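What the coordinates show
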Amino acid sequence: MTQAPNAKSAVQTFAVSRWAAERIRPDEWILKDHNYIVADSWMKFFFMRDYSYPLSRGYFRRYTDEATPREQCTLLMISAPNTPKGQSCFAATRVNTVIVNPHYDSAQFAKEKEMTLPYISDDIAVYRKKLP
């Protein structure tokens, strides 16, 4: 349980979810951050696609569990999108939209010439790869 109410952040998550659901094509994939976005699990209801949609960067310890090695792409596409491995992950997963909290993750996307910022609020930023 959080110490402070976070209704404002949850409302921002619902607003970006509705915005994205109206604009993202059915063949496009989204990656959202589970670490720093409040109520991000509710995004699934706005898209009503697959259980795995949208993809999600999970808790950081998930990626370092030596007993159960996990995929790294959902981590790399947010943490290191400009690296060769990050770019390879974008291609492999067909993700071209990333939803993050700009207080924690924005510099790495702002530097990328292939990314645009079509949506931003206090606690939510949407970065999209330029489509050909």
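Residues numbered from 1 in each chain as written. Predicted model: local features only at pLDDT ≥ 70, side-chain atom pairs only at ≥ 80, totals over all residues. Heavy atoms only, no water.

Description of the overall build of the protein
- Looking only at helices and strands, the protein features five helices and five strands.
- Sequence-ordered secondary structure for the protein, helices as α and strands as β, is α-β-α-β-α-α-β-α-β-β.
- Computed over the C-alpha atoms, the radius of gyration of the protein is 14 Å, within 12% of the 14 Å expected from 2.2 N^0.38 for a compact globule of 132 residues.
- Seen along its three principal axes, the alpha-carbon backbone of the protein occupies a region of about 40 × 40 × 30 Å.
- Within the protein, the proportion of its 132 residues that are buried is 41%.
- Expressed as a percentage of contacts within the protein between residues at least 6 apart in sequence, the contacts between residues at least 24 apart total 57%. (Helix = DSSP H or I, 4+ residues; strand = E, 2+ residues; numbered from the N terminus. Rg over C-alpha atoms; globule rule 2.2 N^0.38 Å. Buried < 20%, exposed > 50% of the residue type's maximum accessible area, 1.4 Å probe, protein only. Contact = heavy atoms within 4.5 Å.)

Thoughts on the pattern of salt bridges
- For the coordinates displayed, the defined rule picks out 10 salt bridges.
- Of the charged contacts in the structure, one is a salt bridge between Arg128 and Glu28, with a shortest N-O distance of 2.3 Å. Residue Arg128 is found in strand S5 (residues 125–129), and its partner Glu28 is found in the loop between helix H1 (7–23) and strand S1 (29–33); the two are separated by 100 residues along the sequence.
- According to the relative accessible area criterion, Glu28 is buried, its value standing at 3%.
- Residues joined in a network through salt bridges with shared partners are Arg25, Asp27, Glu28 and Arg128. (Salt bridge = Lys/Arg side-chain N within 4 Å of Asp/Glu carboxyl O.)

Digging into H1
- With 17 residues, H1 should reach 24 Å at 1.5 Å per residue; the first-to-last C-alpha distance of 25 Å fits that figure.
- Among the residues making up H1, those that are buried are Ser9, Ala10, Gln12, Thr13, Val16, Ser17, Trp19 and Ala20.
- Where the residues of H1 are buried, they touch S1, helix H2 (43–47), strand S3 (95–100), strand S4 (115–120) and S5. (Expected span 1.5 Å × (residues − 1).)

Some points on the pairing of S3
- Along S3, six of the six residues are buried, which leaves the element largely enclosed by surrounding structure.
- Examined bridge by bridge, S1 and S3 share four bridges and lie parallel to one another. Following the sheet pairing, Leu31 is matched in S3 by Val98.
- Bridging between S3 and S5 involves four bridges; their strand directions are antiparallel. Of the residues in S5, the one forming a bridge with Val98 is Tyr127. (Pairing = 2+ DSSP bridges.)

Points about the sheet that holds S1
- Taken in spatial order, the five strands of this open sheet run S2-S1-S3-S5-S4, and their pairing is mixed. The strands lining the two open edges of the sheet, one partner per strand, are strand S2 (55–57) and S4. Averaged over all adjacent pairs, the angle separating strand axes in this sheet is 25°, with direction ignored.
- Taken together, the four bridges between S4 and S5 define a ladder with antiparallel strand orientation. (Axes fitted to C-alpha atoms, helices over the stretch in contact; angles between N-to-C directions.)

Section: unusual backbone geometry
- Of note, the amide linkage connecting Tyr53 to Pro54 takes the cis form, showing an omega dihedral of -5°.
- Position of Pro54 among the secondary structure elements: in the loop between H2 and S2.
- Backbone geometry places Ala39, a non-glycine residue, at a positive phi of 65°.

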